[in-house]
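Examination of the molecular architecture
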Amino acid sequence: MTDSYRSLLFLLLPLVGCPTPEKSDTGETGDTDTDTTDTDTDTDVAETLSETGCYAVDPSLTECPAPADVVLDQVIPATCGATVLTVDGAGELSTGCAYIGGAVPGGWCLYPITVSVPEDPCDYGRPLVVDGRPRLAPLVRARGWTAPAAPAQADAAQAATWARIGLAEHASVASFSRFALDLLAQGAPADLVADAHAAALDEVRHAKLAFGIASAFANDTLGPGPLTLGDLSLSADLAALAFATAREGCVAETLSALQMAEARDRATDPAIRAALTLIARDEARHAALAWRTVRWALLAGGAPVRAALIQAFATPPTLPGDDASGLLPPPVARAAILRGWAEVVVPAATALLGGVPAVLGGDRPAA
Ligand SMILES: [Fe+2]
Ligand SMILES: [Fe+2]
């Protein structure tokens, strides 16, 4: 088995090098108070949010269980990667759920819930971040986003996991589309713009693969509904673009690529292993695109970009809790993130910035 961590680091290091910025660079590393984003990087306290959660119940039930009887870690939140904290009111019976079609055995109750949203909530590729929060389309019964997949035994948990992956991959399409426009707006070279568009097409393929597998596990045809995009805006300047690219691409996609590779190595189903092989390979290339982009931005933008990048890399990713659901068991996911941060992100960021590891938030993510 190849070592995905060393392979990715060796792919990234030649891309980031140790550039000498063209513009004046004071080399100051202590002042990170740049106006690059409204993302709050100064707190370890996860944000909370009120939303609706889906809870699988016996379809013969005529009313939903009392909130106190709901098992929290079996509630599926609407926000990508959120942890359910409380059930806040009575549930409503439903034949469908925001995430799973009604053909999955069991009925559903929809509850008002409160969730905590970690800073890096999505494990599945480049997030579409709007106002500091990842955005997904709703899951619906829909044709057109489902690649053929081998029939599978109905499995609600697997269907939920793969539907979540599908929605995250679908959101990545929009994320790369916005990224391409951002690059054009900041005068980026053609190769970065072309690769951003190519990456968006990769994400279409990933989404179709994931929805295909989800649909097979759900015995249904699942896909994304309309994705709210009217309030999207482009980066204010090159420093803001560098900050967003560092967080969403250099950190999130690098760690996602490594987790996908871990999941691929553990997969026993041939169809799932093939899908994860393709996705992990593409995500590593997307991570490399992010690192190439921040290097270009650093060379072109000088000191403001450098300060933005130092700020972006100063906050380690959060780790999934024991109740997190996903492709990897939480302890394995945490180990992959820890190792990816220490052995890939920190060395690559250090090379990018010319060797300033002391500002990179230490070598371990926050627990
Ligand atoms: Fe992807
Ligand atoms: Fe990606």
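Residues numbered from 1 in each chain as written. Chains lettered and ligands numbered in written order. Predicted model: local features only at pLDDT ≥ 70, side-chain atom pairs only at ≥ 80, totals over all residues.

In terms of helices and strands, the chain carries seven helices and nine strands. Across the 367 residues in the chain, those meeting the buried criterion constitute 48%. (Helix = DSSP H or I, 4+ residues; strand = E, 2+ residues; numbered from the N terminus. Buried ≥ 20, exposed ≤ 12 C-beta atoms within 10 Å, placed from the backbone.)

Now for the packing of helix α5 (residues 270–301) against helix α6 (residues 303–313). The interhelical angle for the contact between α5 and α6, taken along N-to-C directions, is 140 degrees, at an axis separation of 6 Å. When the interaxial angle is binned, α5 and α6 end up oblique. Between α5 and α6, the contacting residues are Val294, Ala297, Leu298 and Gly301 on the first element and Pro304, Val305, Arg306 and Leu309 on the second. Residues of the contact of α5 with α6, tallied by class, amount to six nonpolar, one polar and one charged. (Axes fitted to C-alpha atoms, helices over the stretch in contact; angles between N-to-C directions. Parallel < 35°, antiparallel > 145°, perpendicular 65-115°, else oblique. Contact = placed C-beta atoms within 7 Å. Nonpolar A, V, L, I, M, F, W, Y, C, P; charged D, E, K, R; others polar.)

It is worth spelling out the confidence of the model for the chain at this point. Mean pLDDT over the chain stands at 80; residues scoring 70 or higher make up 80%. Within the model, pLDDT remains below 50 along residues 18–45, and this stretch shows 48 contacts once partners closer than five positions in the same chain are excluded. (pLDDT = per-residue confidence, 0-100.)

With 29 residues, helix α4 (residues 238–266) ought to run about 42 Å at 1.5 Å a step, and its terminal C-alpha atoms sit 40 Å apart, in line with that. The largest bend along α4 measures about 35 degrees and falls at Ala246. Burial analysis of α4 places 27 of its 29 residues in the buried class, the great majority of the element. (Expected span 1.5 Å × (residues − 1). Bend = angle between axes of the 7 residues up to and from the residue.)

On to the environment of Leu72. As for its placement among the helices and strands, Leu72 is situated in the loop between β1 (47–57) and β2 (75–77). Taking the C-alpha atoms as reference points, Leu72 and Leu85, 13 residues apart in sequence, are found 7.3 Å from one another.

Another point: helix α2 (residues 156–185). For α2, spanning 30 residues, the distance from its first C-alpha to its last is 43 Å, which sits close to the expected 44 Å at 1.5 Å a residue. Summarising burial for α2: 23 of the 30 residues are buried, a large majority. Looking one or two residues past α2, Gly187 carries a phi angle of roughly 75 degrees, positive in sign.

Here we come to the nonpolar core. Residues Ile213, Ala214, Ala242, Val294 and Leu309 are the most contacted members of the largest nonpolar core, which totals 107 residues. Residue contributions to this core peak at 17 residues, all from α4. Domain assignment of the residues forming this core places at least three in each of domain 1 (4–44 + 122–359) and domain 2 (47–117). Not counting residues up to four positions away in its chain, the partners in contact with Ala242 are Val294, Ala297, Gly301, Val305, Ala308 and Leu309. (Core = buried A, V, L, I, M, F, W, Y, C linked by C-beta atoms within 7 Å. Domains from an automatic or database assignment.)

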